[in-house]
Amino acid sequence: MRAAIYEPFGSFRRLQGELNRAFENAAGTDDDTSVSAVAHWSPAVDVAEHTDRFVIRADLPGVAAEDIEITMENSVLTLSGARTVDHEPNETTGGRRLERAFGNFYRRFALPDSADAESIEARSNHGVLEITLPKKAQLKARKIKVLN
């Protein structure tokens, strides 16, 4: 028996991708959609802002740290990589259903200018990637005395 790949939201994701590309093209954005077109899945992500930092947590179970690429350019953080299939289901392994996504992934995040691109840190722990972006030190407003 051949393994059936079960993806309950596959049609919705394809529709969402097509709508996103349509709106980007209509808006005339210069985004490089060629890379996102080859993404097979997108990791679930939480973004939190604290007083001194931004924290991005991405669920990437089964993805080795060396298979993750994080880049920061023009206040856009890009998270990409790949998860490989750990086995091919066949008659001897008895695999009948595949629900976990595999292949390339790709996510982009526009960050405010207050994010310090030079001090980004990333850690992977139990399949959760945590990216910490400290905020730049804000210059305090100062009062200037007018002399007579």
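The structure contained in this document is the topic of the report that follows. (Residues numbered from 1 in each chain as written. Predicted model: local features only at pLDDT ≥ 70, side-chain atom pairs only at ≥ 80, totals over all residues. Heavy atoms only, no water.)

1. Some points on the overall build of the protein chain
Right, on to step 1. A count of helical and extended segments in the protein chain gives two helices and nine strands.
Right, on to step 2. Helices and strands appear in the protein chain in the N-to-C order β-α-α-β-β-β-β-β-β-β-β.
Right, on to step 3. Each of the 148 residues in the protein chain was classed as buried or not, and the buried ones make up 21%.
Right, on to step 4. Across the protein chain, the fraction of contacts at a sequence separation of at least 24, relative to all contacts at a separation of at least 6, is 57%.
Right, on to step 5. Summed over its atoms, the accessible surface of the protein chain is roughly 11400 Å², and 50% of this surface lies on carbon and sulfur atoms. (Helix = DSSP H or I, 4+ residues; strand = E, 2+ residues; numbered from the N terminus. Buried < 20%, exposed > 50% of the residue type's maximum accessible area, 1.4 Å probe, protein only. Contact = heavy atoms within 4.5 Å. Areas by Shrake-Rupley, 256 points an atom, 1.4 Å probe, with all protein chains shown as cover.)

2. Overview of the environment of leucine 111
Right, on to step 1. The topology assignment puts leucine 111 in the loop between β7 (103-110) and β8 (121-125).
Right, on to step 2. For leucine 111, a relative accessible area of 12% translates into the label buried.
Right, on to step 3. Sequence spacing of leucine 111 and methionine 72 is 39 residues, and the spatial spacing of their C-alpha atoms is 9.5 Å.
Right, on to step 4. Setting aside anything within four residues of it in sequence, one finds leucine 111 in contact with Met72, Ser75, Leu77 and Leu133.

3. A word on the sheet that holds β7
Right, on to step 1. Here three strands make up an open sheet; going across it, the order is β4-β5-β7 and the pairing antiparallel. Strands at the two margins of the open sheet, each flanked by one partner only, are β4 (68-73) and β7. Neighbour-to-neighbour, the strand axes of the sheet open up by a mean angle of 15°, direction not taken into account.
Right, on to step 2. Bridge count for strand β5 (residues 76-83) against β7 is eight bridges, and the pairing is antiparallel. Following the sheet pairing, glycine 81 is matched in β7 by phenylalanine 105. (Pairing = 2+ DSSP bridges. Axes fitted to C-alpha atoms, helices over the stretch in contact; angles between N-to-C directions.)

4. A word on the nonpolar core
Right, on to step 1. Judged by nonpolar contacts, the single largest core of 17 residues is most densely connected at Ile56, Leu60, Ile68, Phe105 and Leu129.
Right, on to step 2. Of all the elements in the fold, those that place two or more residues in this core are β3 (53-59), β5, β7 and β9 (128-134). (Core = buried A, V, L, I, M, F, W, Y, C linked by side-chain atoms within 4.5 Å.)

5. Regarding the sheet that holds β3
Right, on to step 1. Across the sheet, four strands lie side by side as β2-β3-β9-β8; this open sheet has antiparallel pairing. Single-partner strands in this sheet number two, and they are β2 (45-49) and β8. Pairwise comparison of adjacent strand axes, ignoring direction, gives a mean angle of 15° for this sheet.
Right, on to step 2. In this sheet, β3 lies alongside β2 in antiparallel orientation, the contact comprising five bridges.

6. Remarks on the environment of alanine 122
Right, on to step 1. The residue alanine 122 is located in strand β8 in this model.
Right, on to step 2. For alanine 122, a relative accessible area of 45% corresponds to the partly exposed category.
Right, on to step 3. Remark: the alpha-carbon pair of alanine 122 and valine 55, spanning 67 residues in sequence, is separated by 9.7 Å.

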